[in-house]
There are 2 protein chains.
Amino acid sequence: MPSTKGDVPLISPAQNGLAAENFIHQSMAIIMEDAVKKATDVREKVCEWRSPEQLKELLDLELRDGGESESKILQRCRDAIRYSVKTTHPHFFNQLYAGMEPYSLVASFIVEALKPSLYTYEVAPVFTLMEDAVLRKMIEMIGWEEGGDGIFNAGGSMSNMYAVNLARYHHFPDIKEAGLSAVPRLVMFTSQECHYSISKAAALMGIGTKNVYMVPSDNRASFEQRPCCVYFDVCNTIKRNSLCVCVQGAVPFMVNATAGTTVLGAFDPIQEIADICEKYNLWLHVDACWGGAALMSNKHQHLLKGIHRANSVAWNPHKMLMACLQCSAFLVRDKTNLLQRCHSSSASYLFQQDKFYDVSYDTGDKSVQCSRKPDAFKFWLMWKALGTGELEERVDRALATARSPEYANVCFWYSPPSLRNLPDGPELWKKLHTVAPVVKERMMKKGSMMVGYQPHRDKANFFRMIVISPQASRLDMDFVLDEIHNLGKDL
Amino acid sequence: MPSTKGDVPLISPAQNGLAAENFIHQSMAIIMEDAVKKATDVREKVCEWRSPEQLKELLDLELRDGGESESKILQRCRDAIRYSVKTTHPHFFNQLYAGMEPYSLVASFIVEALKPSLYTYEVAPVFTLMEDAVLRKMIEMIGWEEGGDGIFNAGGSMSNMYAVNLARYHHFPDIKEAGLSAVPRLVMFTSQECHYSISKAAALMGIGTKNVYMVPSDNRASFEQRPCCVYFDVCNTIKRNSLCVCVQGAVPFMVNATAGTTVLGAFDPIQEIADICEKYNLWLHVDACWGGAALMSNKHQHLLKGIHRANSVAWNPHKMLMACLQCSAFLVRDKTNLLQRCHSSSASYLFQQDKFYDVSYDTGDKSVQCSRKPDAFKFWLMWKALGTGELEERVDRALATARSPEYANVCFWYSPPSLRNLPDGPELWKKLHTVAPVVKERMMKKGSMMVGYQPHRDKANFFRMIVISPQASRLDMDFVLDEIHNLGKDL
């Protein structure tokens, strides 16, 4: 791809189209071979571990004045793939996403090639309509019979942030202009098992993490039997201005319920929490980023019973439903254009009102982002190909394969033979705490699989295995147990 | 890709790998032909306009219980491409991004196939190191000789949000926990030409849009001759607690300077603003999302003179440098881990401290996102291929082609023959205001090119043409003028 030098001859294009196409063509063959076929082949490694120091040398990261030849760049592509973790491999159980979804992948490729951005219908006509279609269908599955609104965005953390902002704006619309200095101290409620993005949102939005009241959870589920009402009683809650006001002078404005917690896969009792929210006029947000997929399944949708009573929902099809990263929806029951009113700034260079088409299709002003990727297309295409029926089967299969008491999160300790006869007590747990990190190190270095671990509240380090991919079968479940034993039996 | 039905046989994979590969392979041929070759061919249309109503019928958007055949899905791929705007076409001048960058595109494809997420080194070793390498090089080009920190994120709006949060946290670290109710009313300064994301950030973060003090601009540049000091004088600013406090009792904490405004392409005088910020101990953020590319050019970097004095910088390589969407960096001069301290929540399921490698490589807790795409790779690969030298030539070429007094933004009115003899006055401008929308409608329906228009302050609708792609030559500049005349000469 020759370029122009010095006094630039502007008369002709400075990019050689044919050479570019040829390069892309060659790269596609590498991607197909290494990043699709080999990456998902159960006989291959999940990762080829290198330490940061080793990898820095292998990759030659430095950016220089001169460019490199195409053959060298192709080799860099191969290396980038080689040393990356294969999250699509059947033995990747490490995060809340996994597996290779061919239709969604193709949709991703199309998006990358076309470079659309979703602010106006004019620039992204196809993807604007597809986003609308997917949101409407998700709203239907939530059970909001009157409809609703929504937006795809850059991840579940951002969806939760949208929820906090909408809840706040709903109760105190003046905050948008006047800021928080114009209102009393605001507080919100969530369980201690919620995702950390709730606290991050509170910090970013000026609410403050200590104004997120963490409701204690029982051992399995997220909220205790009687959710935040317990807390409200403690506060001697009184009603004032249609909102509860705690004695400390703070004003509660929302409750976040979690449908599918990150570590344990627990579901908050949405019905009970909705009762409280209705009684005290609090915004109910359901973080169903992980658990929302159960809405696809007749067998499992009971886990989210009452979700239709929520004011807003976060739901990430890139998790159990396997859409390509990222595919994350924020949905709101409101029909008064709250999302737009809360976030709009009416930039005149994008949202001209004298356009020749119906500008209600220009959805960009609902967003806190400016350029925004058309992530809904990655879900739309696979939904078209599979139908709701096969999406349901996938969820049912994953949960049947996991056979966990809590969704698709399989949480367990591996106890090596040397610990099996120790009496229950601090010494046992102290030793058990050290097992998972060593087994994890060994599985990474061998590259045989990836399963996460963590400590949790008062519990010593345990494995958290997430089962999603239809490529994973019962044989793979057996493999995981055998492999952990092989890697840790000497400990 | 047959699936399992009813009582799911979990013994074997439920996804047919070979069929999936075959589908991806066929799709790649379509993408290559329609979304790469045809999309960038100057003889083809930039868009094939359909109204929302027509397009809804053509696309059959509804999501159903049953799936569709592969051949039907392939046709859906062709249709999605066909009716999408070709932002990579040489005659797309509508946004602050354009053109097809083959190396960056291939990097995007790799990312989509591998599905990495950038929270920990363990899950994204290659891309974690590449992000670090790109950030360090960008920091070098800004001129922060002592180094700095940074993070790629989901767009310039988010970078500006990071800046506001860091500035606030730097002055009032208690806000993270206690919220804004614990501090006086905060105010920030920016020019009235700044991007709308500054106001959106203020709204979202609880500061409030009316606490964003908009400093008047002159006719060309963004800030007036003597930037915010004008405002400070008006406020009878006094110094207290190392921060200026206006008489109204509000506390200024940051100034946003814009390097390359969205509509006019103007650059704020960073040196003068930095003087003020140093004098009053205000955080200086430079929104160089659009103008940052000039740092690559010896000839044009003077536009950003003084940027090394900024506390933070937003810079989007997906704009003039043509990395695939999105590729957006937030950079901060701080060396005390401010980014991490401001945003961390130390989730134990991701950021275990007993890992077997140096966990300082786990950068995810710097982010307000949880899963995050490795966008830096899209810039790293093209930088390796082109070298800094060719990136510089691209910038020089774009600015030479634009020959605009303000960066690559070419802003102009088209006056049809019928208006050319009218005297200057309200009637002329009222008529001129109606010309651009009609010309725009006609160019969209013909599909010959895309150029934006907008009103601006007291100015009637004018065209704003953005010149970026090395595929666009002087012939294409001539084409735009001729075509606007053809489309509008009867008005």
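Residues numbered from 1 in each chain as written. Chains lettered and ligands numbered in written order. Predicted model: local features only at pLDDT ≥ 70, side-chain atom pairs only at ≥ 80, totals over all residues. Heavy atoms only, no water.

It is worth spelling out the confidence of the model for chain A at this point. All names here are of chain A. Looking at chain A as a whole, its pLDDT mean stands at 90, while 92% of the residues score no less than 70. Counting interchain partners and residues more than four positions distant, the pLDDT-below-50 stretch residues 1–6 has 18 contacts. Between residues 221–245, whose pLDDT stays under 50, and residues either more than four places distant or in other chains, the model counts 72 contacts. Across the predicted assembly, pTM comes out at 0.95 and ipTM at 0.95. (pLDDT = per-residue confidence, 0-100. Contact = heavy atoms within 4.5 Å.)

Further remarks concern the side chain of T40(B). All names here are of chain B. Within the fold, T40 resides in the loop between α1 (17–38) and α2 (52–59). At 3.2 Å, the side chain of T40 forms a polar contact with the backbone oxygen of K37. For T40, the residues in contact, after removing those within four places along its chain, are T88, H89, P90, M100 and Q471. (Helix = DSSP H or I, 4+ residues; strand = E, 2+ residues; numbered from the N terminus. Polar contact = N/O pair within 3.5 Å; in protein donor to acceptor, adjacent residues only side chain to side chain.)

Two cysteines joined by a covalent bond between their sulfur atoms form a disulfide. All chains considered together, the criterion is met by zero disulfides over all chains. Here C289(A) is not cross-linked by a disulfide; its sulfur's nearest cysteine counterpart is in C370(B), at 9.3 Å. Of the cysteine sulfurs around C327(B), a residue in no disulfide, the closest is that of C324(B), at 8.9 Å. (Disulfide = S-S within 2.5 Å.)

Here the focus is the UniProt feature "modified residue: N6-(pyridoxal phosphate)lysine" (unreviewed entry) in chain A. Residues and elements named next belong to chain A. The feature "modified residue: N6-(pyridoxal phosphate)lysine" (unreviewed entry), as given by UniProt, occupies K319 in the numbering adopted here. Here K319 lies in the loop between β9 (312–315) and β10 (328–332). On the basis of relative accessible area, K319 is assigned to the buried category, the value being 14%. Ignoring sequence-local partners within four residues, the contact set of K319 consists of L96, Y97, C289, W290 and I468. (UniProt positions renumbered as here; feature names shortened; annotations may be inferred. Buried < 20%, exposed > 50% of the residue type's maximum accessible area, 1.4 Å probe, protein only.)

This part covers the interface of chain B and chain A. Between chain B and chain A, the contact holds 177 residues from the first and 177 residues from the second. Across the interface of chain B and chain A, roughly 15,500 Å² is buried in total on both sides, 63% from carbon and sulfur atoms. Linking chain B to chain A there are eight salt bridges. Residue K440(B) is joined to E122(A) by a salt bridge in which the shortest nitrogen-to-oxygen separation is 2.7 Å. A per-element tally of the side of chain B that touches chain A places helix α12 (residues 376–402) of chain B first, with 17 residues. Its residues placed into classes, the side of chain B that touches chain A shows 89 nonpolar, 47 polar and 41 charged. (Buried area = accessible area lost by both parts, 1.4 Å probe. Salt bridge = Lys/Arg side-chain N within 4 Å of Asp/Glu carboxyl O. Nonpolar A, V, L, I, M, F, W, Y, C, P; charged D, E, K, R; others polar.)

Our next topic: the pairing of strand β2 (residues 149–153) of chain B. All names here are of chain B. Here β2 lies mainly inside the structure; five of its five residues are buried. The two faces of β2 match: D149, I151 and N153 on one face and G150 and F152 on the other face are all buried. Strand direction decides the pairing type here: β2 and strand β10 (residues 328–332), joined by five bridges, are antiparallel. Looking across to β10, one finds that I151 is bridged to F330. (Pairing = 2+ DSSP bridges.)

Moving on to the relation of the copies chain B and chain A. For these two chains of identical sequence, chain B goes onto chain A by a turn of 180° and a shift of 0.0 Å along the axis, with RMSD 0.0 Å. Both chain copies can therefore be described as sitting about a two-fold axis. Relative to the rotation axis, the C-alpha of M205(B) is the closest in chain B, positioned 1.9 Å from it. The share of interface residues of chain B whose copies in chain A are also at the interface is 100%, consistent with both copies meeting through the same surface. (Least-squares fit on C-alpha atoms with pLDDT ≥ 70 in both.)

Quick look at the pairing of strand β3 (residues 186–191) of chain B now. Residue and element names in this part refer to chain B. Most of β3 sits inside the fold, with six of its six residues counted as buried. By the alternation rule, side chains of β3 split into L186, M188 and T190 and V187, F189 and S191, which are all buried. Relative to strand β7 (residues 251–258), β3 is paired through five bridges, and the arrangement is parallel. Paired with F189 across the strands is V255, a residue of β7. Strand direction decides the pairing type here: β3 and strand β4 (residues 212–215), joined by four bridges, are parallel. For S191, the partnering residue across the bridge sits in β4 and is V215. Crossover β3 to β4 through helix α8 (residues 197–204) is right-handed. (Right-handed = clockwise from strand over helix to strand, strands pointing away.)

To continue, consider helix α6 (residues 156–171) of chain B. Side chains that are three or four residues apart share a direction in an α-helix, a result of its 3.6 residues per turn. With 16 residues, α6(B) extends 23 Å from end C-alpha to end C-alpha; this agrees with the ideal 22 Å at 1.5 Å per step. Across the 16 residues of α6(B), 15 count as buried, placing the element largely inside the fold. (Expected span 1.5 Å × (residues − 1).)

Residues and elements named next belong to chain B. Taken together, seven strands build an open sheet; the order of strands is β2-β10-β9-β8-β7-β3-β4 and the sheet is mixed. Two strands bound the open sheet, and with one partner strand each, they are β2 and β4. Strand after strand, the sheet turns through a mean of 20° between neighbouring axes, direction not considered. Here β7 pairs with strand β8 (residues 283–287) via five bridges, running parallel. Across the sheet, residue T258 finds its bridge partner in β8, namely D287. (Axes fitted to C-alpha atoms, helices over the stretch in contact; angles between N-to-C directions.)

Paired through backbone hydrogen bonds, the strands of a sheet run either parallel or antiparallel to each other. Residues and elements named next belong to chain A. Overall, mixed pairing links the four strands, which are arranged β1-β12-β13-β11 in an open sheet. Only two strands of the sheet have a single neighbouring strand rather than two, namely β1 (92–93) and β11 (409–412). Alignment of β1 against strand β12 (residues 450–456), held across two bridges, turns out to be parallel. Bridge pairing in β12 places F93 opposite V451. Each of β1, β11, β12 and β13 (459–466) touches helix α14 (residues 474–488); the most contacted strand, β13, lies at about 145° to it.

Within this structure, the stated rule accounts for 56 salt bridges over all chains. Among the charged side chains, a salt-bridge network with shared partners connects D60(A), R64(A), E68(A), R76(A) and K384(B).

Take unusual backbone geometry next. In this structure, Q326(A) follows L325(A) across a cis peptide bond, with omega equal to -15°. In this structure, Q326(A) sits in the loop between β9 and β10. Of note, the phi angle at N337(B) is positive, near 65°, even though the residue is not glycine. Looking at the secondary structure, you find N337(B) in the loop between β10 and α11 (338–343). Despite not being glycine, R403(B) shows a phi value in the positive range, around 40°. When you line up the elements, R403(B) lands in the loop between α12 and β11 (409–412).

Right, let's get into the nonpolar core. If you look at the biggest cluster of nonpolar residues, it comprises 290 residues, and the most contacted ones within it are F379(A) and F379(B). Apart from residues no more than four positions distant in its own chain, F379(B) is found in contact with V134(B), M138(B), M296(B), P317(B), L321(B), A323(B), C327(B) and L391(B). The next biggest cluster of nonpolar side chains, apart from the first, holds 68 residues, and it includes A163(A), M158(B), A167(B) and W283(B). (Core = buried A, V, L, I, M, F, W, Y, C linked by side-chain atoms within 4.5 Å.)

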